[in-house]
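# Chains, contacts and geometry: an overview
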Amino acid sequence: GGGGGPPGGGGYSCLDASRPWLCYWILHSMALLDAPPTKELASRSARFLSKCQSPGGGFCGGPGQLPHLAPTYAAVNALATLGTREALDVIDRKSLHSFLLSCKDPCGGFRMHHGGEIDVRGSYCALNAAFVAGVLTDELKEGCAAYIASCQTYE
């Protein structure tokens, strides 16, 4: 399909904002099966994910989209799964940390994107991405445990 969307267009166009997830699911599945990607596929994957990184930090669902914690989780974990120097160097750790802090809400949780919803999913995505990228700080963790505990229900 044209326009920079996923190949095939049509039925796949609904996945345009999930491209880092597709990379993560495929690469992580390959790792679980002890079937690492070729050097070429690893390099192409890292280069593609670099295009999904927002200049202001975090990753977007696709090149030129807005940063969001879900594709940030997927991209950081896909790059870590690849584990090559090229892949690990894609992550701009300083801007990632800034983006995560900008999603942090005073309640202790995280907004999925600027102006977005706050839920446990946001906390998981943010804290995991920070941990995996080596930028998890006390400032990011502050209030998270209490927020997560406050979300528990007894239904």
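For the structure, see preceding data.
The structure presented is a predicted model; accordingly, all values stated were derived computationally and were not measured.

### With respect to the environment of C144
Within the element layout of this structure, C144 appears in helix 8 (residues 144–150). C-alpha separation for the pair C144 and K104, spaced 40 residues apart in sequence, amounts to 9.5 Å.

### Observations concerning the pattern of salt bridges
Counting across every chain of the model gives five salt bridges. In this structure, the salt-bridge partner of R111 is D105, at a minimum N-O distance of 3.5 Å. A residue is classified by how much of its surface remains accessible, and D105, at 14% relative accessible area, is buried. Of the charged contacts in the structure, one is a salt bridge between D138 and K141, with a shortest N-O distance of 3.7 Å. Of the two residues, D138 and K141 both sit in helix 7 (residues 138–141), three residues apart, roughly one turn of that helix. Three or more residues are tied together by salt bridges with common partners; here these are E117, D119 and R121.

### Observations concerning the environment of E139
With respect to the helices and strands, the residue E139 is situated in helix 7. The exposure class assigned to E139 is partly exposed, which follows from its relative accessible area of 47%. Setting aside chain neighbours within four positions, we find E139 in contact with H97, L101 and K104.

### Some details on the environment of I91
Inspection of the secondary structure assignment puts I91 in the loop between helix 4 (85–90) and helix 5 (93–103). The exposure class assigned to I91 is buried, which follows from its relative accessible area of 6%. Measuring from C-alpha to C-alpha, the distance between I91 and A80 comes to 9.5 Å, with 11 residues separating the pair along the chain. Look past the residues within four positions of I91 in its chain and what remains in contact with it is Q53, V76, L79, L96 and A133.

### A short note on unusual backbone geometry
A positive phi angle, close to 55 degrees, is found at D34, a residue other than glycine. Tracing the sequence through the fold places D34 in the loop between helix 1 (19–32) and helix 2 (39–51). Using a relative accessible area of 69% as the deciding quantity, one classes D34 as exposed.

Basis of the calculations
- Residues numbered from 1 in each chain as written.
- Predicted model: local features only at pLDDT ≥ 70, side-chain atom pairs only at ≥ 80, totals over all residues.
- Heavy atoms only, no water.
- Helix = DSSP H or I, 4+ residues; strand = E, 2+ residues; numbered from the N terminus.
- Salt bridge = Lys/Arg side-chain N within 4 Å of Asp/Glu carboxyl O.
- Buried < 20%, exposed > 50% of the residue type's maximum accessible area, 1.4 Å probe, protein only.
- Contact = heavy atoms within 4.5 Å.

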